[in-house]
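One-letter residues, chain by chain:
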Amino acid sequence: MTTLLATERIKLFTTRSPWWSAFLALGLTIGFAALVGLNHNGGPLTVEHSQFGMQFGLMVVSVMAALAITTEYRFATIRATFQAVPKRTSVLVAKTAVVAVLAAVIGEVAAFGSWVTTYAIDGGPEMAITTGADWRMVAGVGLVYAIASVISVAVGTLVRQSAGAISILLIWPLLVENLVQLIPGIGDDIHDWMPFTVAGRFLNGTGPDAPMGPWASLAYFAGVAAVLLVASLVVANKRDA
Amino acid sequence: MIEATGLTKHYGRTVAVDNLSFTVSEGKVTGFLGPNGAGKSTTMRMILGLDRPTAGDVRIDGQHYWDLHQPLRTVGALLDAKWVHPNRSARAHLRWLAAATKLPKRRIDEVLDLVGLTAVADKNAGGFSLGMSQRLGIAAALLGDPKVLLFDEPVNGLDPEGILWIRKFMHKLADEGRTVFVSSHLLSEMAQTAQDLVVIGRGKLIHQGTVDEFIAHATESTVLVRSPELEKLGEYLLAAGAGISDDGDALRVSGMDSPAIGELAAARQITLHELSPQVGSLEQAFIQLTGDSVEYRTVETGRLAPDVAASQEERA
């Protein structure tokens, strides 16, 4: 497995896409934190203010993770990959792991970078990271990015096309999860179980009517990712490469 | 040795490969011949475990591809030179393949040197010409120093220099005792590179044997004779038991070789202007054998066949 991890690491970092994605994700999140800090008036800045940009970073990381596998299909390097290592499950698990680690690193740097930026602009005692909720809000970003990247790789493996995979991965959290609320009667209940909504509750607090606590929310999000990953592995093993 | 038994592949209703059985013996160049769309690439993908056979089986030295440990050490393949990431350098492409096979870094420089890509190793593969991509593909195939090599249409689209280079390279690989299985729809190419042939058409096996057998099997050798006394010569030849056919101002003689014809003419004091043995070409043999199994046939009259014309009108 270490061999495969090394292989996938070389593959990921010998194209420009992950570098650009990391750069863009950090620029968007930290840049947004700076804007919030500079334009803030009335009341002291809190930890929450520094983390407003995390949604943008999540989008970029999702695209980066999906591209890591869809470009393999696009340029048929997936065939060269399966030629070198015919055990498809191991290859895809290794790729997912490498992408998830990168996503986690981007998430942590983005979250703490944003916090430091906002603190430097106008920080006070209200910005101290003290409670469990504060820590989840900042340090939890890496976990959410990592799990979201697993979902992206799984969707990318299933769809095999960059445009299709990216559309799904952007439209789902941005539109679908919110639009389900419009379904009469059961809409709100469905919304409560939507994976990215649940992941958001892990970061930003669960609120009074959430069905689960924060860590259960994260476990649920991870469960969704695991189910998709297993589905993508089954399909990739059955399909012609 | 590559051994296919009853190999079959369906894509929906299309039968790409149909109950195909053949063997590729060790230490030789075996040509894999068939018209476009005959199922050559599909067969090669099945050998490499990329496509799952609908039925049948193919093994390399008795093992399935996916059971080989670090398969690049056993089988190297170049199926499509464009199977590289365009924004990854040639060296990086080889680097991850080497990492997957636990090969030392020095091996990358060796194969780059072998195919003459050292100077452009750090350039992105997307900017490579077809000839350069082909060289990179061969470098990748040779990376694990495998004893079995698969090439799918390696000379397709190459300039004469590239073709010559590939041809020499194949011979070199075979001389090193490797098993080379190379597909082509170019028969002349096969005649120059291969010793054995596996010929398929529409996914079915048409012939397996040596190149010489294939030609002998499919064509008859004749001798072309030109003479000012053609009629007289024809009569003598017929009398001697040869078959003749009129070929304008010459005679095509079958069933008698050129020395015998020359001696016969000398004995009868007939002047000959030409006496040339006509060896059946691989093309002729090929067309004769695969004639019924070409999938996409051109309309020879120059005018479209009625049903084709009708369907084009419908589209318009």
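Residues numbered from 1 in each chain as written. Chains lettered and ligands numbered in written order. Predicted model: local features only at pLDDT ≥ 70, side-chain atom pairs only at ≥ 80, totals over all residues. Heavy atoms only, no water.

As named in an unreviewed UniProt entry, chain B is ABC-2 type transport system ATP-binding protein, taken from Actinokineospora terrae. Quoted verbatim from the Sequence similarities (unreviewed entry) field of the UniProt record, the comment on chain B reads "Belongs to the ABC transporter superfamily." (UniProt positions renumbered as here; feature names shortened; annotations may be inferred.)

Under an unreviewed UniProt entry, the name given to chain A is ABC-2 type transport system permease protein, and the source organism is Actinokineospora terrae.

(A) Helix H8 (residues 162-179) of chain A, seen in detail. All names here are of chain A. Its 18 residues place the ends of H8 24 Å apart at the C-alpha level, agreeing with the 26 Å of an ideal helix rising 1.5 Å per residue. Those residues of H8 that fall on the buried side of the exposure criterion are Ala165, Leu169, Pro173 and Glu177. Buried positions along H8 lie against helix H4 (54-74), helix H7 (132-159), helix H9 (187-192) and helix H10 (195-204). (Helix = DSSP H or I, 4+ residues; strand = E, 2+ residues; numbered from the N terminus. Expected span 1.5 Å × (residues − 1). Buried < 20%, exposed > 50% of the residue type's maximum accessible area, 1.4 Å probe, protein only. Contact = heavy atoms within 4.5 Å.)

(B) Local environment of empty space enclosed by the protein. Applying the stated criterion across every chain, the model contains three cavities of 30 Å³ or more. When its volume is computed, the largest cavity comes out at roughly 190 Å³. Every residue lining the largest cavity is counted, 18 residues in all, and those nearest its centre are A:Ala80, A:Gln83, B:Ala77, B:His93 and B:Ala140. Among the secondary structure elements, those contributing two or more residues to the lining of the largest cavity are helix H5 (77-84) of chain A together with strand E5 (75-78), helix H2 (90-100) and helix H4 (130-142) of chain B. A per-element tally of the lining of the largest cavity places H4(B) first, with five residues. Tallied by class, the residues present in the lining of the largest cavity amount to 12 nonpolar, five polar and one charged. By volume, the second largest cavity is sized at about 60 Å³. As for the second largest cavity, its lining consists of B:Pro154, B:Val155, B:Ile166, B:Arg167, B:Met170, B:Val182, B:Ser183, B:Ser184, B:Glu189, B:Met190 and B:Thr193. Looking at the lining of the second largest cavity, the elements with two or more residues in it are helix H5 (160-175), strand E7 (179-184) and helix H6 (187-193) of chain B. (1 Å grid on protein atoms, 1.4 Å probe; cavity = no way out; pocket = protein on both sides within 12 Å on 5 of 7 lines; lining within 4 Å. Points joined across faces, edges and corners; volume = space filled by probe spheres on them. Nonpolar A, V, L, I, M, F, W, Y, C, P; charged D, E, K, R; others polar.)

(C) Focus on the side chain of B:Thr179. Residues and elements named next belong to chain B. Along the polypeptide, Thr179 turns up in strand E7. Of the polar contacts made by the side chain of Thr179, one reaches the backbone nitrogen of Gly27; its length is 3.2 Å. When sequence neighbours within four positions are dropped, the list of residues in contact with Thr179 reads Val24, Ser25, Glu26, Gly27, Lys28, Lys147, Val148 and Leu149. (Polar contact = N/O pair within 3.5 Å; in protein donor to acceptor, adjacent residues only side chain to side chain.)

(D) Representation of the packing of helix H6 (residues 88-122) of chain A against helix H11 (residues 214-238) of chain A within the structure. Residue and element names in this part refer to chain A. At a minimum axis distance of 9 Å, the contact between H6 and H11 shows a crossing angle of 140°. As summarised for this structure, H6 and H11 are arranged oblique, according to the angle between their axes. Considering how the two elements wind past one another, H6 and H11 form a crossing that is right-handed. On H11, the residues touching Arg88, Thr89, Leu92, Val93 and Thr96 of H6 are Leu229, Leu233, Ala236 and Asn237. Within the contact of H6 with H11, the residues separate by chemical class into five nonpolar, three polar and one charged. (Axes fitted to C-alpha atoms, helices over the stretch in contact; angles between N-to-C directions. Parallel < 35°, antiparallel > 145°, perpendicular 65-115°, else oblique. Left-handed = near helix turned anticlockwise from the far one by under 90°.)

(E) Quick peek at the sheet that holds strand E6 (residues 148-152) of chain B. Residue and element names in this part refer to chain B. Read across the sheet, six strands follow the order E5-E6-E7-E3-E8-E9 without closing on themselves; strand pairing throughout is mixed. Each end of this open sheet is capped by a strand with a single partner; those strands are E5 and strand E9 (204-210). The sheet shows a mean angle of 15° between the axes of neighbouring strands, direction not considered. Inspection of the sheet shows strand E8 (residues 196-201) paired to E9 by six bridges, in the antiparallel sense. If you follow Val199 over to E9, its bridge partner there is His207. Across the face of the sheet, H4 comes into contact with E5 and E6 while running at roughly 170° to E5. (Pairing = 2+ DSSP bridges.)

(F) Structural context of the sheet that holds strand E13 (residues 274-278) of chain B. Residue and element names in this part refer to chain B. Strands sit in the order E11-E12-E10-E13 across an open sheet of four strands; the sheet is antiparallel. The open sheet has two edge strands, strand E11 (243-247) and E13, and neither has a second partner. Across the sheet, the mean angle from the axis of one strand to that of its neighbour is 25°, orientation sign disregarded. Examined bridge by bridge, strand E10 (residues 222-226) and E13 share five bridges and lie antiparallel to one another. Bridge pairing in E13 places Thr222 opposite Gln278.

(G) Here's a closer look at the domain arrangement of chain B. We note that the domain assignment places domain 1 (2-217) and domain 2 (221-278) within chain B. With centres defined by C-alpha atoms, the gap from domain 1 of chain B to domain 2 of chain B works out at 46 Å. (Domains from an automatic or database assignment.)

(H) Highlighting the environment of A:Leu169. All names here are of chain A. Tracing the backbone shows Leu169 in helix H8. Given a relative accessible area of 7%, Leu169 falls into the buried group. Put simply, Leu169 and Ala22 are 147 residues apart on the chain and 18 Å apart in space, counted from C-alpha to C-alpha. Not counting the four nearest positions on each side in its chain, Leu169 is found in contact with Ser62, Ala66, Ile151, Ser152 and Val155.

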